Amino acid sequence: MNKKVKLAFVLAGIGLFAAAALRCVQMLCFFDYDTGFVTDSGLLTYIYCGAAIGVSLLCMLLCRVDKKLCARIETKKNAAAGASALLMCVFLFLCAAALLRDFYLYRNNQPTYFVQASHVTTHLPFAVLTLLFAIVSLIFSIIWLTGEGFPSGTGGLWAIGSVWGISYMIVTFMTYSAVATTEENIFTVGGGAMMLLFLLSEGKLLSGAGGKKALRSTYVFGLPAAVLWMTYVISNTVLIIAGRGYATEMPYVIQLAMLCLSVHSLCLLLTVSGQRVSAKAESNLEENALKDTGNA
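Let me sum up the structure you'll find in this document. (Residues numbered from 1 in each chain as written. Predicted model: local features only at pLDDT ≥ 70, side-chain atom pairs only at ≥ 80, totals over all residues. Heavy atoms only, no water.)

**Points about unusual backbone geometry**
Reasoning step 1: Positive phi is not limited to glycine here, since S41 has a value of about 65°.
Reasoning step 2: Tracing the backbone shows S41 in the loop between strand 2 (37-38) and helix 2 (43-65).
Reasoning step 3: The class for S41 is exposed, based on a relative accessible area of 69%. (Helix = DSSP H or I, 4+ residues; strand = E, 2+ residues; numbered from the N terminus. Buried < 20%, exposed > 50% of the residue type's maximum accessible area, 1.4 Å probe, protein only.)

If you want it as structure tokens, here you go:
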């Protein structure tokens with residue numbers, strides 16, 4: 001693994017642990033559930049939000065300036081990518097089932113407890129796209145686990161994941177961001193935007209047309225997305241288990257789906273980080289990139 005990328009992973013792990021721990025401490029020790037205000041004047045909020053944002057920006061910078069990242073897609077069995085895609089598939093199916101169930105209950109005039117009634121109809125297209133994305137994840141999981149490696153010929157399927165990410169951003173802006181706090185929007189909206197850009201880069205990389213630029217983009221956006229989302233969901237999970245937390249404005253099952261997507265992004269980045277490309281192959285990649293630029 002390249003030194004700059006390795007440092008970015010180390011910083012991401014430290015920042016994630018510190019931010020999640022501080023958020024848990026604040027909610028467990030300095031939060032008044034009767035009034036909804038923190039009793040430490042929000043000091044820990046500034047610290048853990050600053051840590052998450054600062055580490056995310058530093059990771060982006062380190063990955064952006066790393067000139068040794070290559071774009072070789074190895075065709076061999078990839079257990080990490082396959083297992084993480086399968087895990088993501090399971091929670092995407094769970095997310096779609098929960099959203100569709102709520103829509104069914106709402107249409108039959110029964111109470112729904114998963115999301116607010118006013119938000120149910122906006123979740124229907126998101127639920128359909130979540131179901132499609134789960135199917136795509138299952139296909140990729142089977143391909144990776146059976147030894148086909150990173151499937152450059154089927155990368156176009158990942159476009160469904162990008163459309164899902166766009167739908168997530170629309171749902172977030174329409175239903176959650178207006179009622180959420182600023183610090184929660186940093187994670188849900190900011191993390192969602194980073195995850196969308198990661199999905200776009202991953203789809204281009206898996207299509208075989210991305211080259212070094214697409215690979216670098218997966219690192220630049222994938223690591224910050226993982227830091228923001230894992231900080232948010234891991235701390236929420238700890239608080240819920242401790243009986244002192246709540247799922248916040250974002251339905252918890254969607255949070256779990258994003259958590260699994262973050263795990264997948266880390267597995268993908270760790271898998272390709274050690275790959276190398278020959279001088280001839282690198283020259284061909286650069287030549288193809290120049291041709292694409294000229295055609296554009």
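**As for helix 2**
Reasoning step 1: In a regular helix each residue adds 1.5 Å, so 23 residues correspond to 33 Å; helix 2 covers 33 Å between its end C-alpha atoms and thus fits that length.
Reasoning step 2: Burial in helix 2 covers these residues: L44, T45, Y48, C49, A52, V55, S56, C59, M60, L62 and C63.
Reasoning step 3: Those residues of helix 2 that are buried are in contact with helix 1 (3-29), helix 6 (182-206) and helix 7 (211-241). (Expected span 1.5 Å × (residues − 1). Contact = heavy atoms within 4.5 Å.)

**Points about helix 7**
Reasoning step 1: With 31 residues, helix 7 should reach 45 Å at 1.5 Å per residue; the first-to-last C-alpha distance of 43 Å fits that figure.
Reasoning step 2: Counting buried positions along helix 7 yields 25 of 31 residues, so the element is predominantly enclosed.
Reasoning step 3: G243 lies just past helix 7 and shows a positive phi near 75°.

**As for the side chain of S137**
Reasoning step 1: On the secondary structure map, S137 appears in helix 4 (residues 123-145).
Reasoning step 2: Judged by relative accessible area, S137 falls into the buried class, the value being 0%.
Reasoning step 3: Setting aside residues up to four positions removed in sequence, S137 forms contacts with A85, M88, C89, L92 and W158.

**Overview of the packing of helix 3 (residues 79-107) against helix 4**
Reasoning step 1: Two numbers describe how helix 3 lies on helix 4: the axes approach to 7 Å, and their chain directions differ by 160°. Classified by the angle between their axes, helix 3 and helix 4 sit roughly antiparallel to one another. Classified by chirality, the crossing of helix 4 by helix 3 is left-handed.
Reasoning step 2: Among the residues making up the contact of helix 3 with helix 4, the classes are represented as 24 nonpolar, five polar and no charged. (Axes fitted to C-alpha atoms, helices over the stretch in contact; angles between N-to-C directions. Parallel < 35°, antiparallel > 145°, perpendicular 65-115°, else oblique. Left-handed = near helix turned anticlockwise from the far one by under 90°. Nonpolar A, V, L, I, M, F, W, Y, C, P; charged D, E, K, R; others polar.)

**Regarding the nonpolar core**
Reasoning step 1: W164 and L223 are the most contacted members of the largest nonpolar core, which has 74 residues in total.
Reasoning step 2: Of all the secondary-structure elements, those providing two or more residues to this core are helix 1, helix 2, helix 3, helix 4, helix 5 (159-176), helix 6, helix 7 and helix 8 (252-272).
Reasoning step 3: Tallying contributions element by element places helix 7 first for this core, with 14 residues.
Reasoning step 4: The residues contacting L223, other than those within four sequence positions of it, are A8, F9, A12, C59, C63, T218, L266 and L269. (Core = buried A, V, L, I, M, F, W, Y, C linked by side-chain atoms within 4.5 Å.)

**Looking at empty space enclosed by the protein**
Reasoning step 1: Counted under the stated rule, the structure contains one cavity of 30 Å³ or more.
Reasoning step 2: Surrounding the largest cavity, ten residues form its lining, Y176, A180, N185, T188 and M250 being those nearest its centre.
Reasoning step 3: Mapped onto the lining of the largest cavity, the elements with two or more residues apiece are helix 5 and helix 6.
Reasoning step 4: When residues in the lining of the largest cavity are grouped by element, the largest group, three residues, is from helix 6.
Reasoning step 5: When the residues that make up the lining of the largest cavity are grouped by side-chain class, the tally is four nonpolar, four polar and two charged. (1 Å grid on protein atoms, 1.4 Å probe; cavity = no way out; pocket = protein on both sides within 12 Å on 5 of 7 lines; lining within 4 Å. Points joined across faces, edges and corners; volume = space filled by probe spheres on them.)

**With respect to a nonpolar patch on the surface**
Reasoning step 1: The grouping of L86, V90, F93, V128, L131, L132, I135, L138, I139, I142, L145 and L157 at the surface amounts to a nonpolar patch, some 870 Å² of accessible area in total.
Reasoning step 2: At the level of secondary structure, the elements contributing two or more residues to the nonpolar patch comprise helix 3 and helix 4.
Reasoning step 3: It is helix 4 that contributes the most residues to the nonpolar patch, eight residues altogether.
Reasoning step 4: In this structure, I135 sits in helix 4. (Patch = residues over 30% accessible without salt bridge, like charges linked within 9 Å, V, L, I, M, F, W, Y side chains within 5 Å. Areas by Shrake-Rupley, 256 points an atom, 1.4 Å probe, with all protein chains shown as cover. Salt bridge = Lys/Arg side-chain N within 4 Å of Asp/Glu carboxyl O.)

**Thoughts on the packing of aromatic side chains**
Reasoning step 1: On inspection of all chains with the given rule, the structure shows ten aromatic pairs.
Reasoning step 2: Consider the rings of Y48 and F187, whose centres lie 6.3 Å apart with planes at 25°: the pair is stacked. Here F187 lies in helix 6 and Y48 lies in helix 2, a separation of 139 residues in the sequence. Here Y48 and F187 have matching classes, each one buried.
Reasoning step 3: Centre to centre, the rings of W229 and Y232 are 5.8 Å apart; their planes meet at 75°, and the pair counts as edge-to-face. Within this pair, W229 and its partner Y232 are both found in helix 7, separated by three residues, close to a single helical turn.
Reasoning step 4: Within the aromatic cluster, the residues linked to one another by ring pairs are Y48, F126, F133, F140, W144, W158, W164, Y168, F187, W229 and Y232. (Phe/Tyr/Trp six-rings, centres within 6.5 Å; stacked < 30°, edge-to-face > 60°.)

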